[in-house]
Amino acid sequence: MLNATSEPFDRDAIFAEHSRPAASVQPSPGLRAIRQGIWQLERYVPPFTDRAMINLSLNEHPSLPPPALAEVLRSFSLERLVTYDQDQADRLRSRLAERERVCPENILLCPGSSHGLAQLFSCLSGGPVLFPSICWSYYANLARLNGLPVGTYDVIQREDTFEIDLLSVSRALQQENVSLLLFINPHMPTGALVNGDLILRCADNAPDSLVLVDEAYHGFSPAAGTVAASITEHPNVVVSKTFSKFFGLASIRVGYLVASAQVIEQLEKTLSPFSLAPLCTALACAALESEPYYHEQAAVLMKVQEAFRHRVAALPGVRPYRSHGNFLLVDLMNAGEAHEAELRIQAAGVAVRSGRSYGLTSFLRVSVGTAETMERVAVALAARGGDHAGR
């Protein structure tokens, strides 16, 4: 359900970039050994920008890590760089089990949660996978890479928020042999929340399917709970988490899955040994010990987000949406104005993300930065001209 002043999103276009015919390629002898299905895929390209600009397009954390992580970097010995080290990974696994109130055998460490997702998709039985109609295109790429049919359920646009259409989820689950049902909680890019009890009810109603809950943006909003501890009573639930967002450690590439011991045992067979560097796992352990610092930073960040949302909500022809992540959507009401606004923001030295890849052509997705950076974005949005009385 869309606001009358917004351009409708094109649900089919969201995944279309991953199903375009491949460019004409004269196959070399080596290329002939690669599945033709791979040729049909478009490589996922993150929206990197000139680092001379302030980047609010990748949902990176604007705060530096706490001093404890600097101490890890200072004290890490060169001798540890020349040996395989499983002990540090085991310590991290145990620490995460305590944090999530599960057992160590319920934790699968991976070099970034995106890698864990790739391993999970590679193990699915071949039945359909169900995604939100608006979501990160990487999920569809993983599905098609593994020959999995893709189905979607609806995301509904309200006045100042988005909602997951649970009736649409129920209808989608009526398909036969569903391999996986995906929830993103908080949802990216809309920032919407799904009640954890409703997620678990879906898991109960689809006992032969895996229910994947991507909680990459968990921790920013106090309203966003986790279902990780529920895997004991709901063994078909898998939770994906990362150190890249709430902990702001995108470059160390540490993520993990929480699932039943039986599911973890199968997934472990697909991972390469020693896949995490000891320095990275040591930094992750230090971050966990400093978690109160990160909660303080998250509270500051969400206050900055709310102040920005109120600031731009007063602008004509601009509609910001509530979000429970470190980002929010801003609707400029038409694609042309969204593009012009993006250029004005870039001219102010800040990069934001166009909503085009999500099928939201009149939207921008803005990561939350410092108060000063958000003011730059607000000023650039306010500089729009023309008649916007239809707001």
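Structural notes, computed from the coordinates.

What counts and how
- Residues numbered from 1 in each chain as written.
- Predicted model: local features only at pLDDT ≥ 70, side-chain atom pairs only at ≥ 80, totals over all residues.
- Heavy atoms only, no water.
- Pairing = 2+ DSSP bridges.
- Helix = DSSP H or I, 4+ residues; strand = E, 2+ residues; numbered from the N terminus.
- Contact = heavy atoms within 4.5 Å.
- Axes fitted to C-alpha atoms, helices over the stretch in contact; angles between N-to-C directions.
- Buried < 20%, exposed > 50% of the residue type's maximum accessible area, 1.4 Å probe, protein only.
- Core = buried A, V, L, I, M, F, W, Y, C linked by side-chain atoms within 4.5 Å.
- Right-handed = clockwise from strand over helix to strand, strands pointing away.
- Parallel < 35°, antiparallel > 145°, perpendicular 65-115°, else oblique.
- Left-handed = near helix turned anticlockwise from the far one by under 90°.
- Nonpolar A, V, L, I, M, F, W, Y, C, P; charged D, E, K, R; others polar.

1. Some details on the sheet that holds strand 14 (residues 363-367)
So, point 1. In space, the five strands of this open sheet follow the order 1-13-14-12-11, with mixed pairing throughout. Unpaired on one side and paired on the other, strand 1 (54-56) and strand 11 (319-320) mark the two borders of the sheet.
So, point 2. Pairing between strand 12 (residues 327-331) and strand 14: five bridges, direction antiparallel. Looking across to strand 14, one finds that F327 is bridged to S367.
So, point 3. Running at roughly 5 degrees to strand 12, helix 11 (residues 291-313) makes contact with strand 11 and strand 12 of the sheet.

2. Some details on the pairing of strand 14
So, point 1. For strand 14, a buried count of five out of five residues is recorded, marking the element as mostly surrounded by other parts of the structure.
So, point 2. Judged by which residues are buried, strand 14 turns out to be covered on both faces: F363, R365 and S367 on one side and L364 and V366 on the other are all buried.
So, point 3. Where strand 13 (residues 350-354) meets strand 14, two bridges bridge the pair, whose relative direction is antiparallel. Residue pairing in the sheet places R353 in a bridge with R365 of strand 14.

3. Concerning the nonpolar core
So, point 1. With 115 residues, the main nonpolar core has F243 and L381 as its most contacted residues.
So, point 2. With eight residues, helix 10 (residues 278-289) is the largest single contributor of residues to this core.
So, point 3. In this view, L381 contacts F308, V312, L315, V330, L332, A341, R344 and I345; residues no more than four positions away in its chain are not counted.

4. A short note on the pairing of strand 7 (residues 180-184)
So, point 1. Strand 7 sits mainly inside the fold: five of its five residues count as buried.
So, point 2. Neither face of strand 7 is left uncovered, since the one carrying L180, L182 and I184 and the one carrying L181 and F183 both have all their residues buried.
So, point 3. As defined by bridge partners, strand 3 (residues 129-132) adjoins strand 7 across two bridges and the pair is classed as parallel. Its bridge partner being in strand 7, V129 is matched across the sheet by L180.
So, point 4. In the sheet, strand 7 pairs with strand 8 (residues 210-214) via five bridges, with the strands oriented parallel. The partner of L182 across the bridge, within strand 8, is L212.
So, point 5. For the crossover that starts at strand 7, traverses helix 8 (residues 196-205) and ends in the parallel strand 8, the hand is right-handed.

5. Regarding the sheet that holds strand 2 (residues 107-110)
So, point 1. Across the sheet, seven strands lie side by side as 2-10-9-8-7-3-4; this open sheet has mixed pairing. Edge positions in the sheet fall to strand 2 and strand 4 (150-153), since each of these pairs with one other strand and no more. The average undirected angle you get between the axes of adjacent strands in this sheet is 25 degrees.
So, point 2. Relative to strand 10 (residues 255-258), strand 9 (residues 237-242) is paired through four bridges, and the arrangement is antiparallel.

6. Points about the packing of helix 4 (residues 87-100) against helix 10
So, point 1. Where helix 4 contacts helix 10, the axes come no closer than 9 Å and their chain directions differ by 30 degrees. Judged by the angle between their axes, helix 4 and helix 10 are roughly parallel. Where helix 4 crosses over helix 10, the handedness of that crossing is left-handed. When helix 4 is examined against helix 10, the residues Q88, A89, R91, L92, R95, L96 and R99 are found in contact with a partner set consisting of P278, T281, A282, A284, C285, L288 and E289.

7. Quick notes on unusual backbone geometry
So, point 1. Here the bond from N185 into P186 is cis, since omega is 0 degrees, no more than 30 degrees from zero.
So, point 2. Looking at where P186 falls in the secondary structure, it is placed in the loop between strand 7 and helix 8.
So, point 3. Here M188 and P189 are connected by a cis peptide whose omega angle stands at 25 degrees.
So, point 4. Despite not being glycine, R253 shows a phi value in the positive range, around 55 degrees.
So, point 5. As for its position among the elements, R253 is in the loop between strand 9 and strand 10.
So, point 6. Although it is not a glycine, M333 sits at a positive phi angle of roughly 80 degrees.
So, point 7. Structurally, the position occupied by M333 is in the loop between strand 12 and helix 12 (335-347).
So, point 8. You can call M333 buried: its relative accessible area is 12%.

8. Description of the packing of helix 3 (residues 67-75) against helix 10
So, point 1. It is the contact of helix 3 with helix 10, at a shortest axis distance of 9 Å, that shows an interaxial angle of 155 degrees. If you check the angle between helix 3 and helix 10, you find them roughly antiparallel. Once helix 3 is placed against helix 10, the crossing between them reads as right-handed. Judged by residue contacts, A68, L69, V72 and L73 of helix 3 engage L279, A282, L283, A286 and A287 from helix 10.
So, point 2. Per-class residue counts for the contact of helix 3 with helix 10 are nine nonpolar, no polar and no charged.

9. Observations concerning the environment of P47
So, point 1. Looking at where P47 falls in the secondary structure, it is placed in the loop between helix 2 (36-39) and strand 1.
So, point 2. Through-space distance from the C-alpha of P47 to that of E163 is 26 Å; in sequence the pair is 116 residues apart.
So, point 3. Not counting residues within four places of it along the chain, the set of residues in contact with P47 comprises N55, S57, L58 and R353.

These figures capture arrangement, not role.
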